[in-house]
Amino acid sequence: MIRLAIAEDHTIVRWALREALSKADDLEVVGESGTAAETLEMIQRVRPDVLILDISLPDRSGFDVLNEMRPMDTAPLVVVLTWHTEASYAARAISAG
């Protein structure tokens, strides 16, 4: 079972992701957050295997979250979620970890 967490500031998007992903037999949504601060705390608390991370969070960017997660023993694999289509966002996410 893959333990998944969602970090997205829009409640409706979190809901839609949770609903869609919870239909998979091998996924369990174990946490949700709407800010960078909540995301970093959630990672420590629920220890997900995978994090779906929005790059545009209200208090800090997802890039900041990636940088702060890098030294954590509990850091999950990350799937970056963004509406930005510029290649520079992908490059920044990769370089942030």
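What counts as what
Residues numbered from 1 in each chain as written. Predicted model: local features only at pLDDT ≥ 70, side-chain atom pairs only at ≥ 80, totals over all residues. Heavy atoms only, no water. Patch = residues over 30% accessible without salt bridge, like charges linked within 9 Å, V, L, I, M, F, W, Y side chains within 5 Å. Areas by Shrake-Rupley, 256 points an atom, 1.4 Å probe, with all protein chains shown as cover. Salt bridge = Lys/Arg side-chain N within 4 Å of Asp/Glu carboxyl O. Helix = DSSP H or I, 4+ residues; strand = E, 2+ residues; numbered from the N terminus. Buried < 20%, exposed > 50% of the residue type's maximum accessible area, 1.4 Å probe, protein only. Arc of directions from axis to C-beta. Axes fitted to C-alpha atoms, helices over the stretch in contact; angles between N-to-C directions. Parallel < 35°, antiparallel > 145°, perpendicular 65-115°, else oblique. Left-handed = near helix turned anticlockwise from the far one by under 90°. Contact = heavy atoms within 4.5 Å. Pairing = 2+ DSSP bridges. Right-handed = clockwise from strand over helix to strand, strands pointing away. Core = buried A, V, L, I, M, F, W, Y, C linked by side-chain atoms within 4.5 Å.

Visitor: Please provide a residue-by-residue account of a nonpolar patch on the surface, values included.
Guide: On the surface, I12, V13 and W15 cluster together to form a nonpolar patch covering roughly 300 Å² of accessible area. Position of V13 among the secondary structure elements: in helix α1 (residues 11-21). According to the relative accessible area criterion, V13 is partly exposed, its value standing at 31%.

Visitor: Can you tell me about helix α3 (residues 62-69), naming the residues and giving the values?
Guide: In an α-helix, one turn spans 3.6 residues; hence positions three or four apart end up facing the same way. Where α3 is concerned, the buried positions are G62, F63, V65, L66 and M69. All buried residues of α3 fall inside an arc of 160° around its axis, so they share one side.

Visitor: Account for unusual backbone geometry, with residues named and values stated.
Guide: Phi is mostly negative for residues that are not glycine, and the peptide bonds are mostly trans. Phi is positive for R47, close to 50°, though the residue is something other than glycine. Relative to the assigned elements, R47 resides in the loop between α2 (36-46) and β3 (50-54).

Visitor: Would you mind going over the packing of α2 against α3 in detail, with residue names and values included?
Guide: Remark: α2 packs on α3, axes separated minimally by 10 Å, with the N-to-C direction vectors making an angle of 30°. What the angle tells us is that α2 and α3 run roughly parallel. Along this stretch, α2 crosses α3, giving a crossing that reads as right-handed. Judged by residue contacts, A36, T39, L40 and I43 of α2 engage V65, E68 and M69 from α3.

Visitor: Tell me about the pairing of β3, and please be specific about residues and values.
Guide: Most of β3 sits inside the fold, with five of its five residues counted as buried. The alternating pattern of β3 places V50, I52 and D54 on one face and L51 and L53 on the opposite face, and all of these are buried. Sheet topology places strand β1 (residues 2-7) next to β3; four bridges connect them, and they run parallel. Bridge assignment links A7 to a residue of β3, and that residue is L53. One crossover worth recording links β3 to the parallel strand β4 (residues 77-81) by way of α3, and it is right-handed.

Visitor: Hey, could you go over the nonpolar core for me, with residue numbers and the actual values?
Guide: Inside soluble globular proteins, nonpolar side chains tend to come together where they are buried. Formed by 19 residues in total, the largest nonpolar core has its most connected members in L51, L53, V65 and M69. Listing elements by their share of this core, those giving two or more residues are β1, α2, β3, α3 and α4 (87-96). The dominant element in this core, judged by the number of residues it contributes, is α2, at five residues. With sequence-adjacent residues up to four places away left out, L53 is seen in contact with A7, G62, V65, L66, V78, V79, V80 and L81.

Visitor: Could you give an account of the sheet that holds strand β2 (residues 27-33), naming the residues involved and the relevant values?
Guide: Pairing within the open sheet is parallel, and its four strands lie in the order β2-β1-β3-β4. Whereas interior strands pair on both sides, the edge strands pair on one side only; in this sheet they are β2 and β4. Geometrically, the sheet is characterised by an average inter-axis angle of 20° between neighbouring strands, direction not taken into account. On the sheet, α1 packs against β1, β2, β3 and β4 and is oriented at approximately 170° with respect to β2.

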